[in-house]
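Structural features, examined
Residue-level listing of the chains:
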Amino acid sequence: MDSTISKDGKDNLAPYSQYQNLTWDPPMVMFAANQSVLGEHERKDTVKNAEETGWFVWNMATYDLREAVNLSAKALPPEEDEFAGVEKEKCIEAPGHRVKASPVHFECEYIQTVLIPTGDPVSTVDMVVGRVAQVHIDDEVILDNGKLDIQSIRPIARLGYYDYTVVDQIFEMKAPSASKEELAGLEGRNFDNKTRFTFE
């Protein structure tokens, strides 16, 4: 789920299943938003808010939050607060809020929007890129080895149609004959181990 705030101070919360890690040095992510089904099929409020305030926040969607994720998909006018029934928590740098019940959050500084036209007023998509500036992780979901306890978090993922799945099984594979630099990238860290953003 992405949370943003408008320049007028209205909170927005919306799920984006087309979400992807892009790179790690510095860490960057992207999400893709189709055009609104309301009115004149304008850009989604999340996209507008990210561009106008310079920030968006990724909140990890979990099985426990599945109903909130589903409700946040409802198309509402921009003047309505879309955090209905979801407890908010202040961010460090981003001007808006994050979902308190989510175990992991990325505060992302907006970089750019890439418009991908399709010829259809709704399926045309905005690809929004951001730099991860702050990471929030609940201490209870960090294992002794520093990794996330994915099996207890149970993140959800969209499969298509109305189908979703839960991540509850993990296996490891290392790329064959990868260099130290490549392995560092797969681990999501800088080769020189210098941290360029802070963990809460």
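Residues numbered from 1 in each chain as written. Predicted model: local features only at pLDDT ≥ 70, side-chain atom pairs only at ≥ 80, totals over all residues. Heavy atoms only, no water.

Looking at an unreviewed UniProt entry, the protein carries the name Flavin reductase, with the source organism given as Staphylococcus gallinarum.

So, on to the overall build of the protein. A count of helices and strands for the protein gives four helices and 12 strands. The C-alpha atoms of the protein give 17 Å as radius of gyration, which agrees with the globular expectation for 200 residues (16 Å, within 12%). Within the protein, the proportion of its 200 residues that are buried is 38%. Long-range pairs, those at least 24 residues apart, make up 63% of the contacts in the protein with a sequence separation of at least 6. For the protein, the exposed area adds up to about 12100 Å²; of that, 51% sits on carbon and sulfur atoms. Averaging the positions of the 20 positive and the 35 negative side-chain charges in the protein gives two centres separated by 2 Å. (Helix = DSSP H or I, 4+ residues; strand = E, 2+ residues; numbered from the N terminus. Rg over C-alpha atoms; globule rule 2.2 N^0.38 Å. Buried < 20%, exposed > 50% of the residue type's maximum accessible area, 1.4 Å probe, protein only. Contact = heavy atoms within 4.5 Å. Areas by Shrake-Rupley, 256 points an atom, 1.4 Å probe, with all protein chains shown as cover. Lys, Arg positive; Asp, Glu negative; His and termini not counted. Charge placed at Lys NZ, Arg CZ, Asp CG, Glu CD.)

This part is about the packing of aromatic side chains. A full pass over the atoms with the stated rule returns four aromatic pairs. Note on tryptophan 58 and phenylalanine 106: the rings are 4.7 Å apart at their centroids and 45 degrees apart in plane angle, and the pair reads as tilted. Here tryptophan 58 is found in strand E5 (residues 55–59), whereas its partner phenylalanine 106 is found in strand E8 (residues 104–116), with 48 residues between them in sequence. Overall, phenylalanine 106 belongs to the partly exposed group, its relative accessible area being 21%. Grouped by ring-pair contacts, the aromatic residues Tyr16, Phe31 and Phe56 constitute a single cluster. For arginine 66, the ring lying beneath its charged end belongs to tyrosine 63, and the centroid distance is 3.8 Å. Over the ring of tyrosine 63 we find arginine 154, and its NZ or CZ is 4.7 Å from the ring centre. (Phe/Tyr/Trp six-rings, centres within 6.5 Å; stacked < 30°, edge-to-face > 60°. Lys NZ or Arg CZ within 6 Å of the ring centre and 35° of its normal.)

The next thing to look at is the pairing of strand E3 (residues 19–24). Pairing analysis gives five bridges linking E3 to strand E4 (residues 27–34), with the strands arranged antiparallel. In the sheet register, glutamine 20 faces E4, and the bridge partner there is methionine 30. In textbook terms, the turn of a hairpin is the stretch between consecutive antiparallel strands, and for E3 and E4 this stretch comprises two residues. (Pairing = 2+ DSSP bridges.)

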